[in-house]
Amino acid sequence: MSRPIPEILRYGINGIVATAVHYVVLIFNLELLSMSSAGLANMVAALFGISTSFIGSRYFVFRKTDEGILPQASKFGGLYVAFAVVHGAVLFIWTDRLGYDYQLGFVLATAFQMAGSYLGNKFLVFKI
């Protein structure tokens, strides 16, 4: 009999998938659409990553579907809008103002986001 995957590991898997979606859309925006602002391109990409993360959190990580999807999505969205603004601001300052590589800025901003999102989701959104 197989053991269930621990919640923190499910969170990590979900985070990797959502971050990959976010990053691929960021590259698409900057490299293929030639968006001139890394900050704006990142904000658009963040919406895709946030959506992926919500679906994964609801059904895979926390498995909390007893609350309606709209109230949960609203709380999740509020939390992640705050993270998206910070993420976009980091890339705006790091790349657009300081001229550093957007890829390293993405990693730095994502590390900050990951540090706070698990606790925010666990105790505010999905209330385990």
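Since the model is a prediction, treat every value here as computed from it, not as a measurement. (Residues numbered from 1 in each chain as written. Predicted model: local features only at pLDDT ≥ 70, side-chain atom pairs only at ≥ 80, totals over all residues. Heavy atoms only, no water.)

Draft legend 1. Inspection of the pattern of salt bridges at higher detail. In this structure the tally under the stated criterion is 2 salt bridges. E67 is the salt-bridge partner of K75, the closest N and O atoms lying 3.1 Å from each other. A residue is classified by how much of its surface remains accessible, and K75, at 28% relative accessible area, is partly exposed. E67 gets classed as partly exposed once you look at its relative accessible area, which sits at 26%. (Salt bridge = Lys/Arg side-chain N within 4 Å of Asp/Glu carboxyl O. Buried < 20%, exposed > 50% of the residue type's maximum accessible area, 1.4 Å probe, protein only.)

Draft legend 2. Spotlight on the environment of S51. Tracing the chain through its elements places S51 in helix α2 (residues 38–61). Residues S51 and Y80 lie 29 residues apart in sequence; the distance between their C-alpha atoms is 9.6 Å. (Helix = DSSP H or I, 4+ residues; strand = E, 2+ residues; numbered from the N terminus.)

Draft legend 3. Summary view of the packing of helix α1 (residues 7–32) against helix α4 (residues 102–125). Two elements in contact, α1 and α4, have axes separated by 11 Å at closest approach and are oriented at 145 degrees. The element α1 and its partner α4 pack so that their crossing is right-handed. Contact residues: α1 offers E7, I8, Y11, T19, H22, Y23, L26, I27, L30 and E31, while α4 offers Y102, Q103, F106, T110, M114, S117, Y118 and K122. Looking at side-chain class alone, the contact of α1 with α4 contains 10 nonpolar, 5 polar and 3 charged residues. (Axes fitted to C-alpha atoms, helices over the stretch in contact; angles between N-to-C directions. Left-handed = near helix turned anticlockwise from the far one by under 90°. Contact = heavy atoms within 4.5 Å. Nonpolar A, V, L, I, M, F, W, Y, C, P; charged D, E, K, R; others polar.)

Draft legend 4. Inspection of helix α3 (residues 69–97) at higher detail. With 29 residues, α3 should reach 42 Å at 1.5 Å per residue; the first-to-last C-alpha distance of 39 Å fits that figure. Regarding α3, the residues found buried are Q72, F76, L79, Y80, F83, A84, H87, G88, L91 and T95. Those residues of α3 that are buried are in contact with α1, α2 and α4. Directly after α3, the chain includes G99, whose backbone phi takes a positive value near 80 degrees. (Expected span 1.5 Å × (residues − 1).)

Draft legend 5. Just a nonpolar patch on the surface, in detail. Residues I5, I8, L9, I13 and V17 make up a contiguous nonpolar surface patch of roughly 410 Å² in combined accessible area. Looking at the element boundaries, I8 is found in helix α1. (Patch = residues over 30% accessible without salt bridge, like charges linked within 9 Å, V, L, I, M, F, W, Y side chains within 5 Å. Areas by Shrake-Rupley, 256 points an atom, 1.4 Å probe, with all protein chains shown as cover.)

Draft legend 6. Here's a closer look at the confidence of the model for the chain. Here the chain averages 90 in pLDDT, while 98% of its residues score no lower than 70. Per-element confidence in the chain ranges from a low mean pLDDT of 86 for α4 to a high of 95 for α1. (pLDDT = per-residue confidence, 0-100.)

Draft legend 7. View of the side chain of Q113. Positionally, Q113 belongs in helix α4. A relative accessible area of 18% means that Q113 is categorised as buried. In this structure, Q113 is in contact with Y80, F83 and H87, ignoring residues within four places of it in sequence.

Draft legend 8. Inspection of unusual backbone geometry at higher detail. The phi angle at S34 is positive, at roughly 55 degrees, despite the residue not being glycine. Looking at the element boundaries, S34 is found in the loop between α1 and α2. On the basis of relative accessibility, which here comes to 55%, the residue S34 falls in the exposed class.

Draft legend 9. Representation of the packing of aromatic side chains. Under the definition given, this model contains 11 aromatic pairs. Aromatic side chains Y11 and Y118 sit 4.8 Å apart centroid to centroid with 65 degrees between the ring planes, which places their arrangement in the edge-to-face category. Note that Y11 is positioned in helix α1 and Y118 in helix α4, a separation of 107 residues in sequence. As far as the burial class goes, Y11 and Y118 line up, both buried. (Phe/Tyr/Trp six-rings, centres within 6.5 Å; stacked < 30°, edge-to-face > 60°.)

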